[in-house]
Amino acid sequence: MASASIPVYNSSNNPLENSSSHNDPAVTLDVPLGAIGRVEKMGGASSRGENSYGLDITCKDMRNLRFALKQEGHSRRDIFDILFKYAFPLSHGLLLFAYLSQEKFEENGWSVYKPMEEFRRQGLPNDKWRVTFINANYELCDTYPTILVVPFKATEEDLRKVCTFRSRGRIPVLSWIHRENQAVICRCSQPLVGMSGKRNKDDERYLDLIREANGTAKLTIYDARPSVNAVANKATGGGYEGDDAYQNAELVFLDIHNIHVMRESLKKLKDIVYPNVEESHWLSSLESTHWLEHIKLVISGAIQVADKISGGNSVVVHCSDGWDRTAQLTSLAMLMLDSHYRTLRGFQVLLEKEWISFGHKFANRIGHGDKNHADQDRSPIFVQFIDCVWQMTKQFPTAFEFNERLLVTILDHLFSCRFGTFLFNCESARDTNELRSKTVSLWSLVNSDLSFYQNPFYTPESNRVLYPVASMRHLELWVTYYIRWNPRIRQQQQSPVEQRYIELLALRDEYLKKLEELQLSDSSPNSSHLSNSSTPNATSPTQHITHLHTPF
Amino acid sequence: MLSSLGSAGGKSAKPSFVSYVTPEEIKSEKEPSRKEKHPDLLPGEVVFCSASTVLKYTQDDLSQRGVFGALLCTNFRVSFVSDEAPTEETGQLFKNKLYGENDIPLSCVDNIYGGYEDKKKLITGGLVKNKYPSKMIIHCKDLRVFQFSLSFSKEEDAKKIFQGIVHHCLEPKSLRCLFAFSYCENTSYPEVQRKKQTVMFDSVEDWIQDMKRTKGNCRVVSENSNFELSPKLPQFFIVPSNVSDEDLTKYQGKGLPMWCWSHHSGCALFKTASIPLVQEDNVPQTYMEKMLTAVAHNHLYSVKTEDLSDTLPAVQDILLSYNKFKQFFLIDNTTEFWMSDMKWFSSLDNCGWLDIIRQCLQKAVEVVECLEKENTNVLIMEEGGSDLCCVVSSLVQLMLDPYYRTLLGFQSLVQKEWVAGGHAFLDRSNHLHLKDKAESQSPVFLLFLECVWQLQQQHGPAFQFSETYLTVLSDSVHVPVFTTFLFNNDSHRDNILRAESPHTQRSPLNCPTVWDWSVQFDCKAQDLFTNPLYSEKPKQDTSVRKSYRPKHLRQLSLPSSAFKTPPKKGFFKDEADNLKKILGVKRLSRWMLSPSSESPQTSSSVREFYEAWQTKPLDYHGLLLPCLDGPSIRVWMQRYLRWIHDVQILGGGPVAMLSKVSEILGEVQELQRQLDRHGCTLTSNHKGARPRAKTASVIAARSSVRLSSSFPFVTSRNWLFKPAIPTSLLQSLMVTGMAGNLADREDDGGGPESLV
């Protein structure tokens, strides 16, 4: 298997026949095996009717493929077996493709994110916040990274005590600090309050240390869940921070639903856009999927976090385990607050940090190489996050250094298994599987061809907080991702605006050059200045056209 | 502060005024002056009544500001003059010269509500009998919402201004009372030279020129120049060449096919007012058949007809749908806005407005298909022939003819199809509030602009005019100054303008048309009308209408068995049945049957046509078709959301990108001028990239200021650095009934593992 997309899909050289391709030129489909969610046989040897016998392939990237085969001689048996085996290597004791790939790139994407460097960029450690290596061997929390930032006043012993009171040991740690007002975003999992309403003095004191660090009067705890769910969690030992126990904190529920609701929502969305876009009452159908409504809730949650931080108040964000909704909220809020994360490399850091290192369970949520398509752990949480980012780029088309292509590429390789970036659930599992030495990072691909992912309209504005408008009036379906397989959606390589802009940039450069030449020939006394075919002077003097500002 | 208010207004705040604005929040820096304030009145403008110490307040932003000032009603507008010194901070870029941001032209008033305590009541005119409301809420046709509190004014004044505004905005009036007449009598409005201007289609030359341009060969009728034939017919028009003199006047113009546009293949688009067919009366039937033959003779003996009354919504339905639609944007307060947010998509769907837009576009595409693919003549008809016929015929021309996508071309199109075409602008807008005309009110022209906006959204670089231009044009319909929108047809206009003339019989009153944009905007503001994405067609291949052989001509030699009469369907009636009688079998053998007319569903045929077009490379100077799929038909954000504070994207929106394009375009143009000064002839080998000489970079000039998505309608002044956080998130828990058990489940099965 030399490539992630094996050639069996090419109808010209394999027994599969694309149903309508008899006279048409051969249709070539390029589907990474990693994107396959489910392979099924349809019809039997006795099935009647055209195209009733064949294979049905459900993909994770919003499309279904159907291949009709000839019934004679069990033609599909071999292809089915091969496909089933290689699409789901982990279920067959095989390695994921990322471990087989021999790809080489100029850049090494694994060096994009260095936790210490990132904390230093934020101005950490300082007199209020310290770096701890307590989790160096994943002993405190096996789903956290090794390097954590905690309140300066909290001792290692404190951390261990708090650890017992937080679900899966995911204690509150710092994600981001505001340079001026020193307000922080901390993330964690739910407290283990339980039915009896247990309290933990250490946890209470620890949260108060977070509040104290910049003199915040009241620490705001954002519980991403709907309050009913938070209450219900008490039955299984979880819960939320009660008023009486955490006197200096206010608790806000953000009403974002769980992974199961999101999975069903996207499934419904797929139903109305694939293979055909629902025609009648499109908007009502769209509404009934609730997909954009969920997006709205996530974005407005993040806006509230960012707004609090801007106002100088520290916040703690959690959901149940702190690896799904929490990651969405912290990373979106950071994207709003910190322009660095809106650059091409900064965005990579954001993903590496908030999603990958803090243990969003990519392996379970995506089900890389796993045949169990109905696994209840699967959920498009990360897809939803990227959709939120896309909504932001739509609303602020000049604020992001990267373009839509980067977002689509990220989602494609979320499934493809071509790169190691999104494999495994947490850092400890990645270490065990020697991910960084044995696989290539997605950022190696991206950073070797940065210009492809650049937004020409990008205008850097540091210190600018972006507040998107979380109203349904402005949220739109990401047609170029979810409906990109529909032939009627015109796939434009470039938006007309982008195209025009690049054309004009080229024209300006050409005119500038011409003008330079002309002024050069004007200044030399004997040249006839009307010739515009004069060869450009290789060493042009530093000619400035003063009234023009050329930022590029 | 409040006590000073009391003394000035002569009346303290009544306890019944349950204000959303607490007195502490009212920020009025100065004591209101006793002196009556007036806005700068326009020529011919007269103040009817006024009241001072009126509080204009908003609940749209978080600070809930109120401003005191005088409220006036003139013969042109309702005007609020703030007591605060005008904060001329930014030198508002996009200022309308006729009315300011606190002015509402009388014809722009849509609805007036009286606020009694916490109730809101629609005022329908007449005298308010019982109690005067303490608040007045005005919804405007350009979707602004004004809220005034009258409880600080003298009771007498409050009554007077309220009654005055209600009277002048809602009561029936005569056409002569519209501001245009007193304005024009008092303005020496310069006759602009017609060169390089909009083609007005008010002379026979204009019509001849347009027919020549499209290479049509029909008959130009100029016999009606003084409305001798019929006052219902336009002054000048074009009919198929086979139409005889006596045919012209038979049914007062009903049934007469009016030429709209000729396709380069020779076939043409005609429109007509349908004749109501009376049973047992064969005369109109015979006349119709004769007219159809005349149309068919225009090209290849082919004609398809379409009765738009049967297939598109009636004008009353259009009004009903729009009335529901506009309510989503006339927002009194923030809470109301966010409450409606969750059900936004289904509300939008249910009001049907987008669907009406889609239907009109689809109908236009069907006509385009007939002209472009089948090369048959098309005759569209409806009762009256000047509503949906205008919508569809103008859309067809926009899709097929790049000339109409230029700014002047578009204005000429509106002149041709709508103004000369006899769209009853006056009745449709019901500026006069005549009770017997209430039925005929309908935003048909707005519907057309909506469709244009959809096209422009999908194919931006094909249009020379901008979204802002369309929005401003849609607003201008409600500014009662322009002759363009004040009349029902040519003879109506002619009559009135002559009658109103202060001078001799020979020179009618000279009024501006809406196309005289300098009446409303200065040059800088007008620059925002051009689309920076547009580039002119490169000079080298100007042959827009290439000679082109329609494929189906080959089929002429097909055996006659191929030409079955298609079954009648609800769309495009092939007039084969009728023509069989008239033209005889021999000629019928030349009758073309398109493959699409056999397909059972129009939409599927349209879709195929669209898909075939889509596979070809996109030429912005060629045929343009809209995508009609669900996600492609959208809400005209700029027009509808511009005044709603909570949805303004500060520093974002498409304008952020367009301003960068404008910026660079400005630089390129400047460089070009410098190069021209050097006498350098530019080899414009960049296809279409050479920009128009005059597109200035107004937006660019303001690039230092952050624009919002409401640019240019709302300036940066009201900026709050607080994000809008949706309220009422809790109320809208949508999971009830849906996936309820899923919502209750844990993310990762079981409880936290550390629980023992």
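Residues numbered from 1 in each chain as written. Chains lettered and ligands numbered in written order. Predicted model: local features only at pLDDT ≥ 70, side-chain atom pairs only at ≥ 80, totals over all residues. Heavy atoms only, no water.

### Thoughts on the overall build of chain B
Then, number 1: When helices and strands are counted, chain B shows 24 helices and 15 strands.
Then, number 2: Looking at chain B as a whole, 61% of its 756 residues qualify as buried.
Then, number 3: Taking all contacts inside chain B whose residues are at least 6 apart in sequence as the whole, residues at least 24 apart take part in 74%.
Then, number 4: With an accessible surface of roughly 31400 Å², chain B has 52% of that area assigned to carbon and sulfur atoms. (Helix = DSSP H or I, 4+ residues; strand = E, 2+ residues; numbered from the N terminus. Buried < 20%, exposed > 50% of the residue type's maximum accessible area, 1.4 Å probe, protein only. Contact = heavy atoms within 4.5 Å. Areas by Shrake-Rupley, 256 points an atom, 1.4 Å probe, with all protein chains shown as cover.)

### Thoughts on the state of the cysteines
Then, number 1: Counted according to the given criterion, the structure contains zero disulfides over all chains.
Then, number 2: Here Cys-390 of chain B stays unpaired: no disulfide links it, and the sulfur of Cys-389 of chain B, its closest cysteine neighbor, is 6.8 Å away. (Disulfide = S-S within 2.5 Å.)

### Overview of the nonpolar core
Then, number 1: If you look at the biggest cluster of nonpolar residues, it comprises 239 residues, and the most contacted ones within it are Phe-347, Phe-382 and Tyr-482 of chain A together with Leu-395, Phe-410 and Phe-448 of chain B.
Then, number 2: Here the element with the most residues in this core is helix α11 (residues 353–374) of chain B; it accounts for twelve residues.
Then, number 3: If near-sequence neighbours (up to four positions away) are discounted, Phe-410 of chain B is found in contact with Leu-398, Tyr-403, Tyr-404, Phe-448, Leu-449, Val-452, Phe-465, Tyr-469, Leu-470 and Leu-473 of chain B.
Then, number 4: Listed in part, the 38 residues of the second largest apolar core include Val-131, Val-149, Leu-219 and Ile-221 of chain A. (Core = buried A, V, L, I, M, F, W, Y, C linked by side-chain atoms within 4.5 Å.)

### Examining the UniProt feature "binding site: substrate" (unreviewed entry) in chain A
Residues and elements named next belong to chain A.
Then, number 1: The sites that UniProt annotates as "binding site: substrate" (unreviewed entry) are Asn-258, Ile-259, Cys-319, Ser-320, Asp-321, Gly-322, Trp-323, Asp-324 and Arg-325. A stretch of 68 residues holds the annotated residues, and the largest C-alpha distance among them is 12.3 Å, short enough that they meet in one place.
Then, number 2: Summarising the element assignment, Asp-321 is placed in the loop between β10 (315–318) and α9 (325–337).
Then, number 3: Looking at Asp-321, the relative accessible area reads 4%, which means it is buried.
Then, number 4: Of the polar contacts made by the side chain of Asp-321, one reaches the side chain of Arg-168; its length is 2.7 Å.
Then, number 5: Within the fold, Trp-323 resides in the loop between β10 and α9.
Then, number 6: Using a relative accessible area of 2% as the deciding quantity, one classes Trp-323 as buried. (UniProt positions renumbered as here; feature names shortened; annotations may be inferred. Polar contact = N/O pair within 3.5 Å; in protein donor to acceptor, adjacent residues only side chain to side chain.)

### A word on the pairing of strand β7 (residues 135–140) of chain B
Residue and element names in this part refer to chain B.
Then, number 1: A large share of β7 lies buried, amounting to six of its six residues.
Then, number 2: Of the two faces of β7, the one holding Lys-135, Ile-137 and His-139 and the one holding Met-136, Ile-138 and Cys-140 are both buried throughout.
Then, number 3: Relative to β7, strand β5 (residues 109–116) runs antiparallel, the two being bridged by six bridges. Considered in β7, the bridge of Asn-111 is made with His-139.
Then, number 4: Bridge count between β7 and strand β8 (residues 145–149): five bridges; the pairing is antiparallel. By the bridge assignment for β8, His-139 is matched with Val-145.
Then, number 5: Remark: four residues form the turn of the hairpin made by β7 and β8, two consecutive strands paired antiparallel; Leu-143 in that turn has positive phi of roughly 75°. (Pairing = 2+ DSSP bridges.)

### What about the sheet that holds strand β8 (residues 219–223) of chain A?
Residue and element names in this part refer to chain A.
Then, number 1: Across the sheet, five strands lie side by side as β6-β7-β10-β8-β9; this open sheet has mixed pairing. The sheet is open, and its two borders are formed by β6 (173–177) and β9 (249–253), each paired with just one other strand. Strand-to-strand twist across the sheet, computed as the mean angle between neighbouring axes with direction ignored, equals 25°.
Then, number 2: The sheet strands contacting α9 are β6, β7 (184–188) and β10, and the helix crosses β7 at an angle near 165°. (Axes fitted to C-alpha atoms, helices over the stretch in contact; angles between N-to-C directions.)

### Structural notes on the side chain of Ser-230 of chain B
All names here are of chain B.
Then, number 1: The topology assignment puts Ser-230 in the loop between β9 (219–221) and β10 (237–239).
Then, number 2: A distance of 3.0 Å separates a polar atom in the side chain of Ser-230 from the backbone nitrogen of Lys-232.
Then, number 3: If near-sequence neighbours (up to four positions away) are discounted, Ser-230 is found in contact with Asn-224 and Gln-252.

### Looking at the packing of aromatic side chains
Then, number 1: Summed over all chains, the structure comprises 64 aromatic pairs over all chains.
Then, number 2: Summarising the aromatic geometry, the rings of Trp-478 of chain A and Tyr-481 of chain A are spaced 5.0 Å apart at their centres and angled 35° between planes, so their arrangement reads as tilted.
Then, number 3: On the basis of relative accessibility, which here comes to 1%, the residue Tyr-481 of chain A falls in the buried class.
Then, number 4: Taken together, a centroid distance of 6.2 Å and an interplanar angle of 45° make the contact between Tyr-322 of chain B and Phe-325 of chain B tilted. Placement of the pair is Tyr-322 of chain B and Phe-325 of chain B together in helix α8 (residues 315–327), with a separation of three residues, close to one helical turn. Like Phe-325 of chain B, Tyr-322 of chain B is buried. (Phe/Tyr/Trp six-rings, centres within 6.5 Å; stacked < 30°, edge-to-face > 60°.)

### Some words on the interface of chain A and chain B
Then, number 1: Across the contact, 97 residues belong to chain A and 95 residues belong to chain B.
Then, number 2: Approximately 8600 Å² of surface area, both sides summed, lies buried where chain A meets chain B, with 58% of it carried by carbon and sulfur atoms.
Then, number 3: Here chain A and chain B share five salt bridges between them.
Then, number 4: As a salt-bridge pair, Glu-667 of chain B and Arg-508 of chain A come within 2.8 Å of each other at their nearest N and O atoms.
Then, number 5: Counting the contacts that link chain A with chain B gives 19 residue pairs in polar contact (both at pLDDT 80 or more).
Then, number 6: Elements with a contribution of two residues or more to the side of chain A that touches chain B: α6 (259–273), α7 (282–289), α8 (291–310) and α18 (496–523) of chain A.
Then, number 7: No other element matches α18 of chain A, which puts 17 residues into the side of chain A that touches chain B. (Buried area = accessible area lost by both parts, 1.4 Å probe. Salt bridge = Lys/Arg side-chain N within 4 Å of Asp/Glu carboxyl O.)

### Quick look at the sheet that holds strand β2 (residues 54–59) of chain A
Residues and elements named next belong to chain A.
Then, number 1: The antiparallel open sheet is built from three strands, whose spatial order is β1-β2-β3. The outermost strands of the open sheet, each flanked by one partner alone, are β1 (36–42) and β3 (64–68). Ignoring which end each strand starts from, the neighbouring axes of this sheet average 15° apart.
Then, number 2: Sheet topology places β2 next to β3; five bridges connect them, and they run antiparallel. Within β3, the position partnered with Thr-58 by the bridge is Asn-64.
Then, number 3: Of the strands in this sheet, β1 and β2 touch helix α1 (residues 75–87), which is tilted by about 160° from β1.

### A short note on helix α12 (residues 388–400) of chain B
Then, number 1: With 13 residues, α12 of chain B should cover 18 Å at 1.5 Å per step; its first-to-last C-alpha distance of 18 Å lies within 8% of that length.
Then, number 2: By the criterion of burial, α12 of chain B is predominantly enclosed, with 13 of the 13 residues buried. (Expected span 1.5 Å × (residues − 1).)

### Focus: the UniProt feature "domain: Tyrosine specific protein phosphatases" (unreviewed entry) in chain A
Then, number 1: UniProt records the feature "domain: Tyrosine specific protein phosphatases" (unreviewed entry) for residues 289–335 of chain A in the present numbering.
Then, number 2: Taken end to end, residues 289–335 of chain A comprises 68% helix and 9% strand; its first and last C-alpha atoms sit 27 Å apart.

### Description of the packing of helix α13 (residues 407–419) of chain B against helix α16 (residues 467–476) of chain B
All names here are of chain B.
Then, number 1: Where α13 contacts α16, the two axes come as close as 13 Å, and the packing angle between them is 30°. If you check the angle between α13 and α16, you find them roughly parallel. α16 is crossed by α13, and the crossing has right-handed handedness. Residues Leu-407, Phe-410 and Gln-411 of α13 lie in contact with α16, whose contacting residues are Tyr-469, Leu-470 and Leu-473. (Parallel < 35°, antiparallel > 145°, perpendicular 65-115°, else oblique. Left-handed = near helix turned anticlockwise from the far one by under 90°.)

### A short note on unusual backbone geometry
Then, number 1: The step from Leu-124 of chain A to Pro-125 of chain A runs through a cis peptide bond, and the omega angle for that step is -5°.
Then, number 2: By secondary structure assignment, the location of Pro-125 of chain A is in the loop between α2 (115–121) and β4 (129–132).
Then, number 3: Note that the residue after Tyr-274 of chain A, namely Pro-275 of chain A, is joined by a cis bond; omega there is 0°.
Then, number 4: In this structure, Gln-252 of chain B takes a positive phi of about 55° despite not being glycine.
Then, number 5: As for its position among the elements, Gln-252 of chain B is in the loop between α5 (245–249) and β11 (258–262).
Then, number 6: A residue is classified by how much of its surface remains accessible, and Gln-252 of chain B, at 48% relative accessible area, is partly exposed.

### Quick word on the environment of Lys-363 of chain B
Then, number 1: Take Lys-363 of chain B: it is sitting in helix α11.
Then, number 2: It is 9.3 Å that separates the C-alpha atoms of Lys-363 of chain B and Leu-395 of chain B, two residues lying 32 residues apart in sequence.

### Concerning the confidence of the model for chain A
Then, number 1: Per-residue confidence for chain A gives a mean pLDDT of 88; residues scoring 70 or more make up 89%.
Then, number 2: Taken together, the stretch residues 1–24 of chain A has pLDDT below 50 and engages in 52 contacts with residues farther than four places along the chain or on a different chain. (pLDDT = per-residue confidence, 0-100.)

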